[in-house]
Amino acid sequence: MGRAGSGSRRDQARQLITDLETRGSQALSLFISCLEDTGQNTLASLLRTSSQAARQHPEAIRPLDLKPVVLRPEGLKPESLGVGKQDPLMPTPGKLVPVVLGPKELWPAKLRPEVLRPEAPRPVDIGSGGLSDVCAQDRAKGNANLAYVLSADPCGRCLIVNNVHFRRESGLRTRAGSSVDCERLQRRFRLLHFVVEVECDLTAKQMVQALVELARRDHSALDCCVVVILSHGCQASHLQFPGAVYGTDGCPVSVERIVNIFNGTGCPSLRGKPKLFFIQACGGEQKDHGFEVASTFPEGQTPDSDPEPDATPFQEGPGTVDQPDAVSSLPTPSDILVSYSTFPGFVSWRDTKSGSWYIETLDSVFEQWAHCEDLQTLLLRVANAVSVKGIYKQIPGCFNFLRKKLFFKT
C-alpha cells in the first residue's frame, strides 16, 4: 500500500512538471509570436532557435559555476578580514581599481572602492538678488516678527511737498527739474499702493501745517505713511536728525521737527507702524571731489547737462520757525526711517532737465527691486548707484529706526 501510494505521488509530480513545461513552452511561443508581429524578427529567431536546442539537448542547460569574489580596501590582507585560509577555487584577489565614468576633468583626485563620500557642497551665491537672498526675503515677508505687515489696500498715505518757485526776497533760485522728480514719485508710490497727495510751493509755516494735518488724520486702517520733501536745504542744529528744508519764503524747517510731528503723541494712529521720510535737499555747501574714476560723465548724463545744487548757507537762531519748545524732551525715534539725498553737510545735485540724481535713482531701483527686496537693501542700491554719478561725489544716506524689515506691497 505504501509503495503504491509513493508511486502515485511520483506520477503526479511527473505530470505536474510536464504540465509546467508545456505551459512554459506555450508562453514562450506566444511571446515569440508577439515579437514577430512587432517586427523584432532577429530576437524572435534567436529565442526560437534556443528553445529548439534546449528541447533536443536538455543536458546542455545547467547553472553557471559562480565563484564568490571578495572586495576589500587596498593593502588589506585576507587574515585581516578573518579569513584563515584561502579557498583554492577562489582567484587570488588583485588590486581593485575603481571605474569612473565621465570626462577625466570631473574625476576625483583619489577614489577608493570602500569609500562612499557625498559630493562636496557647491558654493551658494549669497549676493544681492541671488537664490539664497530670495529665499531669505520670502521667509522674512511671511514672518510678522521680522517684517512689517503691509496688507492694507491702500497701504497708506504719501504726501509730497514740491517747492520749485521761491520768493525773490528769499534769495533762493527756482528748482528747475524738480517737477520731473515729483511726477516720478507720484507714479511710483501709486504703484506701491499709496494714496498720493502733492502740495506745491509752500512756505515754512504752510509746510508745518500740511504735515500736522496729515499726522492728525486717522491712519488706523492703514499700515504705513510716507513724506517726501523736495526743496532747497541747509544745515541746522539738531539732536536727532540733521538738516533743514526751506519753505518758499526762505524760512527753514528742520528735518527733526518734521519727523517729530509724527511721534506717538502727535499721530497716535501710526504707533508701531513705519513712517518713511525722503528728503531731496542739500545738507550743506561742501562739494566732495572724490577721486579720479574711469568715467567722466555720470550714466545718463551728457556734457551739456546742467546739474545744480540744492544748497544754501547754514541757518541757525531766531530765523527758524520749527525749533521744538523743549529739545531735551524729544521722544526716542521708533518705526522711523529718514532717507537723505546726500550726506549731511554736502551738496545734493539736481539736473535741470532730468531731475535730481537721488530721486531718479530711487525711482529706478524701486521699479526693478521693490517686488523682492526690503527697503534698507533698496536704499543701499540707491547709495551705490548715486555715488558713481558726476564729477562731484554724492552719497545718499539714512537714519534707520525701523524695528523690522519693510517690504513694499507691489
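Residues numbered from 1 in each chain as written. Predicted model: local features only at pLDDT ≥ 70, side-chain atom pairs only at ≥ 80, totals over all residues. Heavy atoms only, no water.

You'll find the protein entered in an unreviewed UniProt entry as Caspase-9 isoform X2, with Vicugna pacos given as the organism.

Colleague: Quick one: what's the story with the overall build of the protein, residue by residue and with numbers?
Modeller: Regarding its fold elements, the protein presents 8 helices and 12 strands. Looking at the 410 residues of the protein, the share that counts as buried comes to 37%. Long-range contacts, defined as pairs at least 24 residues apart, comprise 77% of the intrachain contacts of the protein with a sequence gap of at least 6. In the structure as shown, the protein presents an accessible area of about 24,400 Å², 56% of it carried by carbon and sulfur atoms. (Helix = DSSP H or I, 4+ residues; strand = E, 2+ residues; numbered from the N terminus. Buried < 20%, exposed > 50% of the residue type's maximum accessible area, 1.4 Å probe, protein only. Contact = heavy atoms within 4.5 Å. Areas by Shrake-Rupley, 256 points an atom, 1.4 Å probe, with all protein chains shown as cover.)

Colleague: Got a sec to walk through the sheet that holds strand S2 (residues 194–200)? Specific residues and values, please.
Modeller: Taken in spatial order, the 6 strands make up an open sheet running S2-S1-S3-S7-S9-S12, and their pairing is mixed. Either end of the sheet is taken by a strand with one partner, and the two such strands are S2 and strand S12 (397–401). Each adjacent strand pair in this sheet contributes to an overall mean axis angle of 10°, direction not counted. Judged from the 7 bridges that link them, strand S1 (residues 156–162) and S2 form a sheet pairing that is parallel. Bridge assignment links Val161 to a residue of S2, and that residue is Glu199. (Pairing = 2+ DSSP bridges. Axes fitted to C-alpha atoms, helices over the stretch in contact; angles between N-to-C directions.)

Colleague: So what about the sheet that holds strand S6 (residues 252–254)? Which residues, and what values?
Modeller: Hydrogen bonds along the backbone pair up the strands of a sheet, which may run parallel or antiparallel. Read from one edge to the other, the open sheet built from 3 strands follows the order S4-S5-S6, with strand pairing classed as antiparallel. The open sheet has two free edges, formed respectively by strand S4 (233–234) and S6, since each of these has just one partner strand. Bridging between S4 and strand S5 (residues 244–246) involves 2 bridges; their strand directions are antiparallel. Pairing of Gly233 across the sheet is with Val245, part of S5.

Colleague: Just give me the short version of the pattern of salt bridges, but keep the residues and values in it.
Modeller: Counted under the stated rule, the structure contains 9 salt bridges. Here Asp363 ties to Arg188 by a salt bridge, and the two come within 2.7 Å at their closest N and O atoms. In this pair, Asp363 is assigned in helix H7 (residues 357–369) and Arg188 in helix H4 (residues 178–191), connecting sequence segments 175 residues apart. Salt bridges sharing common partners tie together Arg187, Arg188, Asp363 and Glu367. (Salt bridge = Lys/Arg side-chain N within 4 Å of Asp/Glu carboxyl O.)

Colleague: Please set out the side chain of Asp374 residue by residue, giving values where relevant.
Modeller: Following the sequence through the fold, Asp374 ends up in the loop between H7 and helix H8 (375–386). Although buried, Asp374 forms no salt bridge, and the nearest oppositely charged side chain, Lys405, lies 4.5 Å from it. Engagement of the side chain of Asp374 in a polar contact is seen with the backbone nitrogen of Gln376, the distance being 3.2 Å. Within the local environment of Asp374, its side chain forms a polar contact with the side chain of Thr377, the two groups lying 2.6 Å apart. (Lys, Arg positive; Asp, Glu negative; His and termini not counted. Polar contact = N/O pair within 3.5 Å; in protein donor to acceptor, adjacent residues only side chain to side chain.)

Colleague: I'd like to hear about the nonpolar core, residue by residue, with values.
Modeller: Core analysis: the biggest nonpolar cluster contains 36 residues, and Phe189, Phe194, Leu276, Phe278, Phe366 and Phe408 have the highest contact counts within it. Elements with a contribution of two residues or more to this core: S1, H4, S2, strand S3 (224–230), strand S7 (275–280), H7 and H8. The dominant element in this core, judged by the number of residues it contributes, is H7, at 6 residues. In this structure, Phe408 is in contact with Leu150, Phe189, Leu192, Phe194, Leu276, Phe366, Ala370, Leu375 and Leu378, ignoring residues within four places of it in sequence. The next biggest cluster of nonpolar side chains, apart from the first, holds 30 residues, and it includes Val212, Leu214, Val259 and Phe262. (Core = buried A, V, L, I, M, F, W, Y, C linked by side-chain atoms within 4.5 Å.)

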